[in-house]
Structures are given as C-alpha cells and as structure tokens.
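An overview of the molecular structure
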Amino acid sequence: MIEQAIYTILAGNASVGAIAGDRISPHQRVQGTALPAVVYQVDDLEPMRGLSGTVGLTSATLSVTAIAETYSSSRSLAAAVIGALNGAAGTYGSVVITSLHYAQQTPTDTGIGEGEEDLPYEVLTQYRIHYTGL
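Below: a short report on this structure. Within each chain, residue numbers correspond to sequence positions counted from 1 in written order. Reporting of local features is limited, given that this is a predicted model, to residues whose pLDDT is at least 70; pairs of side-chain atoms are given and counted only at 80 or more, and all residues count toward the totals for whole chains, interfaces and linings. Hydrogens are left out, water is left out, and the side-chain values use all remaining heavy atoms of the structure.

Observations regarding the overall build of the chain
A run of H or I in DSSP counts as a helix once it spans at least four residues, and a run of E counts as a strand once it spans at least two, with each numbered from the N terminus. In terms of regular secondary structure, the chain is built from 3 helices and 6 strands. Only the C-alpha atoms count toward the radius of gyration. The rule for a globule is 2.2 Å times the residue count to the power 0.38. The C-alpha atoms of the chain give a radius of gyration of 16 Å, which matches the 14 Å a tight globule of 134 residues would have. Dimensions of the chain, computed from C-alpha atoms along their principal axes, come out at roughly 55 × 30 × 25 Å. In the chain, buried positions account for 37% of the 134 residues. Put simply, of all contacts in the chain between residues at least 6 apart along the chain, 59% involve residues at least 24 apart. As presented, the chain carries roughly 7200 Å² of accessible surface, and 52% of it is formed by carbon and sulfur atoms. Counting rule for charge: Lys and Arg are taken as positive, Asp and Glu as negative, and neither His nor the chain ends is counted. Every charge is mapped onto a representative atom, which is NZ of Lys, CZ of Arg, CG of Asp or CD of Glu. The distance from the centre of the 5 positive side-chain charges to the centre of the 12 negative ones in the chain is 11 Å. Think of it in three bands: residues with accessible area under 20% of the maximum for their type are buried, residues over 50% are exposed, and the middle band is partly exposed, with areas taken using a 1.4 Å probe on protein chains only. Contacts are assigned to residue pairs that have any heavy atoms within 4.5 Å of one another. Here, Shrake-Rupley sampling with a 1.4 Å probe gives the accessible areas, and only protein chains in the shown set may cover a residue.

Looking at the packing of aromatic side chains
Geometry of an aromatic ring pair is reported as the spacing of the ring centres plus the angle between the planes. Only centres within 6.5 Å qualify two rings of Phe, Tyr or Trp (six-membered ring in Trp) as a pair; their planes then separate them into stacked at under 30 degrees, edge-to-face at over 60, and tilted for everything else. Throughout the structure, instances matching the rule amount to 2 aromatic pairs. Between Tyr-71 and Tyr-121, the aromatic rings sit 6.1 Å apart at their centres with planes inclined by 75 degrees, giving edge-to-face as the arrangement. In this pair, Tyr-71 sits in helix 3 (residues 71–85) while Tyr-121 sits in strand 6 (residues 121–132), placing the two residues 50 residues apart along the sequence. For Tyr-71, a relative accessible area of 40% corresponds to the partly exposed category.

Thoughts on helix 1 (residues 2–11)
Among all positions in helix 1, only Ile-2, Glu-3, Ala-5, Ile-6, Ile-9 and Leu-10 are buried. Projected down its long axis, helix 1 carries its buried residues within an arc of 160 degrees, all on one side. When we speak of the arc, we mean the arc of directions from the helix axis to the C-beta atoms.

A closer look at the nonpolar core
Ranked by size, the top nonpolar core spans 30 residues in total, and within it Leu-10, Ile-97 and Leu-100 carry the most contacts. Of all the elements in the fold, those that place two or more residues in this core are helix 1, helix 2 (14–20), strand 2 (37–50), strand 3 (53–68), helix 3, strand 5 (95–109) and strand 6. At 7 residues, helix 3 tops the list of elements feeding residues into this core. By nonpolar core we mean a set of buried residues, namely Ala, Val, Leu, Ile, Met, Phe, Trp, Tyr and Cys, connected to one another through side-chain atoms within 4.5 Å.

Considerations on helix 3
What a helix is expected to span follows from its residue count: subtract one and scale by 1.5 Å. Its 15 residues place the ends of helix 3 21 Å apart at the C-alpha level, agreeing with the 21 Å of an ideal helix rising 1.5 Å per residue. Along helix 3, the residues that are buried comprise Ser-74, Leu-77, Ala-78, Ala-80, Val-81, Ile-82, Ala-84 and Leu-85. Positive phi shows up at Gly-87, right after helix 3, with a value of about 85 degrees.

In structure tokens, the structure reads:
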C-alpha cells in the first residue's frame, strides 16, 4: 500500500525522527498528538497509459504537512521531510516507487482571530510520485 511506503520512508529518516519522532500519520493528525507532527495524504491517483494501454505505473500527488508550535520549527520539520522524500525510490513491501519528486511548499499561519496563539503553524509540501503496486 502506497501510504505504508510513505510512512516507512518518513519514519526511517533520522532527521524527521529527531524532530517528529513517531508522530507521523496518514490523512489527519490523531487528536491530542503532541507537536511537532507530520500528516500525509496521497491524492489524484491516475494509472499511466501508453499507446498500448495501461503501463502498470500509477501517478499521484503526495501532500505532507509539517505541524509545529512555532513557525521556525514547522519550517525545520518541512525541510527534513523534503530531504527524506525528494528523490526517494525503492521497494517498500509490495510497492515499488520509481520516482518521488518535490514540487512545491506552502507555509501557513493557521491562527486567525481569537485564540490564535494556541494554534500551530503548518507547512504543506507537495510531491509527484510514480509507483507500481497497491
């Protein structure tokens, strides 16, 4: 499963682990999880096609959000995530990642209005990924 492959890459990276530990989760942060944390999601899955039909490769967008209590901490975690994922390729269980490349970054201040001092900072990074398997 592609989500498990992404988890394996992030959890196995020393820089990401030094900042986020095991607080890495798909789709949404587990409520009450301490910060900093990483949340990732695979979207826009599209089977790649050649002239003779499907070639067995899937193209997708990977979105990863680095969440921390301070802006600089969220940026540091995002940099570690980029370092872990950009250019990653290999076999992870039944999934073979042929290419995974960094596309863009969007830092956000999630606090607006009353109580914003309690809201974390987030940096969204996006990647293009090509893989075979589930």
